Amino acid sequence: MLRELEQELQKNRQFASDASHELRAAFAGLRVELEAAHLYPEQTDLHDLLARALRGVDRLDAILTDLRVLGEMEAGPAVEPQQVDLAELVRDEVCRRVDRLPVQLRLQRGVTVQAVPIRISRLLTNLLDNAQRHAKRIVEVRVSRAGDNAEMTVADDGGGIAECERERIFQRFTRLGAARRLDRKGTGLGLAIARDIAQAHMGTLHARKSPSGGACFVLRLPLSATAPIATAVNTGFAAAEEGRTREPDRRRRDPART
């Protein structure tokens, strides 16, 4: 028991150190930009300075938002779990998004789990954000049964993840070279949060190679004891599924509320 307690304390100390480092690095970058503009105002392009400063503020906001989500999760679920049809949740979440690439859906109805909907939505949001960041042309979400489990996969046709890195990417504040190059505002917490959510629901989340050569993230959750027999498969693109054109909501959304 003492050994386990010491390991948990060490883990918390390491996380606090990593979080402090990330925040200080973001603040330091912002401070350098502003100090340089203050010392050399005649050499400063105001529009460019404001754009860089806003990117720094966005990164700080993203880090603080993810830290808040982690704190809320460790404090326990905000609401009681309920019956969730994964196909309906995926469809609703995808239709709310405005993405660079359309999301292809392959959804089996009647795949239900006991879950906190806002948490599973957050998990899906993190996986979709990651897929949209790396994909070239294809982002696909599938929901189906896999024995006694519900299975949801989010796949893309990007550069993929080396097999030796497929566990490391779930560690907090881990960002591979491709992720740093494609999104400088990333926090390195998105996939860690997604796995924490899966484990809090007695499930698993792991990465593998997608059929198109990119990355595929596989979520498995225990099926609800009262889950009906899934009989239908829904295929197609998210935009076509509703049979109408949705006006995109381009206002910035707080990812913690998705």
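Here the structure is a predicted model, which is why all the values come from computation and not from measurement. (Residues numbered from 1 in each chain as written. Predicted model: local features only at pLDDT ≥ 70, side-chain atom pairs only at ≥ 80, totals over all residues. Heavy atoms only, no water.)

Caption draft 1: Highlighting the overall build of the protein. On a plain count of helices and strands, the protein comes out with seven helices and eight strands. Looking at the 258 residues of the protein, the share that counts as buried comes to 41%. When contacts within the protein are restricted to residue pairs at least 6 apart in sequence, those whose partners lie at least 24 apart make up 75%. Accessible surface, the protein as shown: approximately 15100 Å² in total, 52% of it carbon and sulfur. (Helix = DSSP H or I, 4+ residues; strand = E, 2+ residues; numbered from the N terminus. Buried < 20%, exposed > 50% of the residue type's maximum accessible area, 1.4 Å probe, protein only. Contact = heavy atoms within 4.5 Å. Areas by Shrake-Rupley, 256 points an atom, 1.4 Å probe, with all protein chains shown as cover.)

Caption draft 2: Summary view of helix α3 (residues 86-96). In terms of burial, α3 is largely enclosed, as eight of its 11 residues are buried. Along α3, the residues classified as buried are Leu 86, Ala 87, Leu 89, Val 90, Arg 91, Glu 93, Val 94 and Cys 95. One side-chain oxygen of the residue at the start of α3 lies 2.9 Å from the amide nitrogen of Ala 87, identifying that residue as Asp 85. (Polar contact = N/O pair within 3.5 Å; in protein donor to acceptor, adjacent residues only side chain to side chain.)

Caption draft 3: The packing of helix α4 (residues 117-134) against helix α6 (residues 190-200), seen in detail. Where α4 contacts α6, the axes come no closer than 9 Å and their chain directions differ by 145 degrees. Where α4 crosses over α6, the two elements pack in a sense that is left-handed. When α4 is examined against α6, the residues Arg 119, Ile 120, Arg 122, Leu 123, Asn 126, Leu 127 and Asn 130 are found in contact with a partner set consisting of Gly 190, Leu 191, Ile 193, Ala 194, Ile 197 and Ala 198. Split by residue class, the contact of α4 with α6 holds eight nonpolar, three polar and two charged. (Axes fitted to C-alpha atoms, helices over the stretch in contact; angles between N-to-C directions. Left-handed = near helix turned anticlockwise from the far one by under 90°. Nonpolar A, V, L, I, M, F, W, Y, C, P; charged D, E, K, R; others polar.)

Caption draft 4: Spatial organisation of the environment of Ile 138. Its location among the elements puts Ile 138 in the loop between α4 and β4 (139-146). In this structure the C-alpha to C-alpha distance between Ile 138 and Ala 155, which are 17 residues apart in sequence, comes to 7.9 Å. What Ile 138 contacts, discounting residues up to four positions off in sequence, is Leu 101, Gln 104, Ala 155, Asp 156 and Asp 157.

Caption draft 5: Local environment of the packing of aromatic side chains. Using the criterion set out here, one finds one aromatic pair in the structure. Judged by centre distance (6.0 Å) and plane angle (85 degrees), the ring pair of Phe 170 and Phe 217 falls under edge-to-face. Here Phe 217 lies in strand β7 (residues 215-222) and Phe 170 lies in the loop between β5 (149-156) and α5 (177-182), a separation of 47 residues in the sequence. The burial state of Phe 170 is the same as that of Phe 217; both residues are buried. One cation-aromatic arrangement involves Arg 195 over Phe 170; the distance from NZ or CZ to the ring centre is 4.0 Å. (Phe/Tyr/Trp six-rings, centres within 6.5 Å; stacked < 30°, edge-to-face > 60°. Lys NZ or Arg CZ within 6 Å of the ring centre and 35° of its normal.)

Caption draft 6: Representation of the confidence of the model for the protein in the model. Across the protein, pLDDT averages 79, with 72% of residues at or above 70. Ranking the elements of the protein by mean pLDDT puts helix α7 (residues 238-241) last with 40 and β5 first with 97. Confidence drops under a pLDDT of 50 for residues 231-258, and excluding neighbours within four residues, the segment shows 55 contacts in the predicted structure. (pLDDT = per-residue confidence, 0-100.)

Caption draft 7: Structural detail: the pairing of β5. Among the eight residues in β5, seven count as buried, and that is most of the element. Bridging between β4 and β5 involves eight bridges; their strand directions are antiparallel. The residue of β5 that forms the bridge with Val 143 is Met 152. Joining the antiparallel neighbours β4 and β5 is a turn of two residues, in which Gly 147 adopts a positive phi near 70 degrees. Two elements, β5 and β7, share seven bridges in a ladder whose sense is antiparallel. Paired with Ala 155 across the bridge in β7 is Cys 216. (Pairing = 2+ DSSP bridges.)

Caption draft 8: Broad picture of the nonpolar core. Counting residues in hydrophobic clusters, the biggest one holds 52 residues, and the most contacted among them are Val 90 and Phe 217. If near-sequence neighbours (up to four positions away) are discounted, Val 90 is found in contact with Leu 105, Leu 107, Leu 124, Val 141, Val 143 and Met 152. (Core = buried A, V, L, I, M, F, W, Y, C linked by side-chain atoms within 4.5 Å.)

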